Amino acid sequence: MRLHDQGDTVLKVVALAGGVGGAKLVDGLAAVVPAENLTVVVNTGDDFEHLGLSISPDLDTVMYTLAGVANPETGWGRADETWAFIETLETLGGPTWFRLGDRDLALHMERTRRLRQGETLSEVTADLCVALDIHVRLLPMSDDPIRTIVDTNEGKLAFQEYFVARACEPVVRSFEFHGAESAAPAPEVIEAMEEADLVIYCPSNPWVSLDPILAVPGMRKAVQARPTIGVSPIIGGKAIKGPAAKMYAELGVEPSALAVAQHYPELDAFVIDAADAVWMESIRALGLQPFVTNTVMDSDAARKRLAQEVLEFVGELELAL
Ligand code: FO1
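Quick caveat, the model's predicted, so the values are computed rather than measured. Counting starts from 1 at the beginning of each chain's written sequence and moves along it residue by residue. Given that this is a predicted model, residues contribute local features only at a pLDDT of at least 70 and side-chain atom pairs are listed and counted only at 80 or more, while totals for whole chains, interfaces and linings are drawn from all residues. Calculated side-chain values reflect all of the structure's heavy atoms, with hydrogen atoms and water omitted.

1. Details of the overall build of the chain
- A tally of helices and strands in the chain yields 13 helices and 14 strands.
- We compute the radius of gyration over the C-alpha atoms and compare it with the globule rule, which gives 2.2 Å times the number of residues raised to the power 0.38. At 19 Å, the chain has a C-alpha radius of gyration in line with the 20 Å of a compact globule built from 321 residues.
- In terms of overall dimensions, the chain has a C-alpha envelope of 60 × 45 × 40 Å along the principal axes.
- Evaluated residue by residue, the chain yields a buried proportion of 54% over its 321 residues.
- Residues are treated as being in contact if the distance between any of their heavy atoms lies within 4.5 Å. Nonlocal contacts in the chain, meaning residues at least 24 apart in sequence, comprise 67% of its contacts between residues at least 6 apart.
- Taken as a whole, the chain presents about 13,300 Å² of accessible surface, with 54% of it coming from carbon and sulfur.
- Positive: Lys, Arg. Negative: Asp, Glu. His and the chain ends are not part of the count. Lys charges are placed at NZ, Arg charges at CZ, Asp charges at CG and Glu charges at CD. Once the 25 positive and 48 negative side-chain charges of the chain are each reduced to a mean point, those two points are 2 Å apart. Helix numbering and strand numbering both begin at the N terminus, where a helix is a DSSP run of H or I of at least 4 residues and a strand a DSSP run of E of at least 2. Categorising residues by exposure relies on relative accessible area from a 1.4 Å probe, with only protein chains included: less than 20% of the type maximum marks a residue as buried, more than 50% marks it as exposed, and the intermediate range marks it as partly exposed. Computed with the Shrake-Rupley method and a 1.4 Å probe, the accessible areas treat only the protein chains shown as cover for residues.

In structure tokens, the structure reads:
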């Protein structure tokens, strides 16, 4: 299977993505896969109600990244932002721990308005993508509420409480995805998976970005039916951004590309950084075909190159199988 068979029809790709790391690979994939052949299923476990607004941070991070308006320093929120709202809220004694920029706020207001009118998250997301001139198909993992709860030494915390308000300091014990068991995959998700020639696990946090997606009923079964490749979010024992390595250590697992491979035994292949080449044979022994390259996406060109290599690796994999 070549993803560019005879160079014309590019086959269909579904990427599972969460926060900032996932969004970067999605951005690279959008540069090498025609939009009509790329679907991104995005984590909604980070979603929460705040200031009366329905906030979907990972959907927004992926949208802003694809639209080229993401804040390059933080990865979340917008570039060219102003903060008049949150600064004024501060003077009024309102909660400002979750930083909402003025332009970002417009998106949260519009999503909230339309959800309150009874539209689904999928419908709102599709129209926001049109407004942001995004042609890749972006699907929330579910239109039903699923909330990641982080069980810590300070008790159970809602995700944003843990991630932002407490800056990931509490020691994690376990994760729960409230609502997952009674949730349904968003419309088109299962169909996209069934049509996919390749499913990619983006380099997102395994515990709180990809596991919530895999917890949606039907997702694990749908994944297992397709060729799959993952990209390690851990490089040289560290995460480029976010608490993934800290979570591994707190769960008693040495953070490494091997540990991530062990988390996803269902994968056919796994892309690791040159810094982790030492784990190749151990990963192969798990039944995942390892590929080694530079996985640091520190530029648009690096995002595109990594995406291109992931697609090429799968071509080789098919020949190897
Ligand atoms: N992350 C922070 O660490 N601090 C913030 O103040 C913050 C605000 C924020 C606003 C909108 C948005 O879409 C994301 C935001 N994030 C913030 C990131 C958010 O916590 C995401 O859940 C993480 O990116 C993890 O995926």
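2. Comments concerning the site of the ligand
- In this text, near means that some heavy atom of the residue lies within 4 Å of the molecule or strand in question. In the vicinity of the ligand there are 14 residues, among which Asp46, Asp58, Phe98, Arg99 and Gln160 approach most closely.
- Pairs of N or O atoms within 3.5 Å make up the polar contacts considered here, provided that, within protein, one atom can donate a hydrogen while the other can accept it, and that residues adjacent in sequence are counted only when both atoms are side-chain atoms. Here an oxygen atom of the ligand sits 2.7 Å away from a polar atom, N or O, in the side chain of aspartate 58.
- Note that an oxygen atom of the ligand is positioned 2.9 Å from one of the backbone N or O atoms of arginine 99.
- Against a free-state accessible area of 530 Å², the protein chains account for coverage of 90% of the ligand.
- A molecule is said to occupy a pocket when more than half its atoms come within 2 Å of that pocket's grid points, and by this definition the ligand occupies the largest pocket.
- Residue assignment for the shell around the ligand shows that the elements contributing at least two residues are α2 (57-67) and α6 (159-165). We place a 1 Å grid over just the protein atoms. Points where a 1.4 Å probe fits but has no way out form a cavity, open points with protein on both sides within 12 Å along at least 5 of 7 lines form a pocket, and any residue with an atom within 4 Å of a point lines it. Think of it this way: a molecule belongs to a cavity or pocket when more than half its atoms come within 2 Å of the grid points there.

3. Comments concerning the confidence of the model for the chain
- For every residue, the pLDDT score states the predictor's confidence, bounded by 0 at the bottom and 100 at the top. When pLDDT is averaged along the chain, the result is 95, and 96% of the positions lie at 70 or above.
- Here residues 1-8 is a poorly scored stretch, pLDDT under 50, and it has 21 contacts once near neighbours within four places are set aside; other chains count.

4. Some remarks on the nonpolar core
- Nonpolar cores are built from buried Ala, Val, Leu, Ile, Met, Phe, Trp, Tyr and Cys residues. Side-chain atoms within 4.5 Å join them into one set. Ranked by internal contacts, the top residues of the largest apolar core, which has 49 residues, are Leu16, Met193, Tyr201 and Phe270.
- In this structure, Val124, Cys129, Val231 and Leu306 belong to the second largest nonpolar core, which totals 44 residues.

5. Description of the packing of helix α1 (residues 20-32) against α2
- Close contact between α1 and α2 brings their axes to 9 Å; oriented N to C, the two are set at 35 degrees. Judged by the twist between their axes, the crossing of α1 over α2 is right-handed. Taken together, the residues of α2 that come into contact with α1 (itself represented by Val20, Ala23, Val26, Asp27 and Ala30) are Thr61, Val62, Thr65 and Leu66.
- Grouping the amino acids of the contact of α1 with α2 by side-chain chemistry returns 6 nonpolar, 2 polar and 1 charged. Lines fitted to C-alpha atoms define the axes, with helix axes restricted to the stretch in contact, and inter-axis angles between N-to-C directions lie between 0 and 180 degrees. Should the near helix be turned anticlockwise from the far one by less than a right angle, the crossing is left-handed, and should it be turned clockwise, the crossing is right-handed. Note on residue classes: Ala, Val, Leu, Ile, Met, Phe, Trp, Tyr, Cys and Pro are nonpolar, Asp, Glu, Lys and Arg are charged, and everything else, Gly too, is polar.

6. Observations concerning the sheet that holds strand β13 (residues 269-273)
- By definition, two strands form a pair when at least two bridges between them are found by DSSP. Judged by pairing direction, the sheet is parallel, and its 7 strands sit side by side in the order β5-β2-β1-β9-β10-β13-β14 without closing on themselves. This sheet does not close on itself; its edge strands, each paired only once, are β5 (137-140) and β14 (289-293). Between one strand and the next, the sheet's axes are offset by a mean angle of 20 degrees, whatever the strand orientation.
- Bridging between strand β1 (residues 13-17) and strand β9 (residues 198-201) involves 4 bridges; their strand directions are parallel. Across the sheet, leucine 16 pairs through a bridge with tyrosine 201, a residue of β9.

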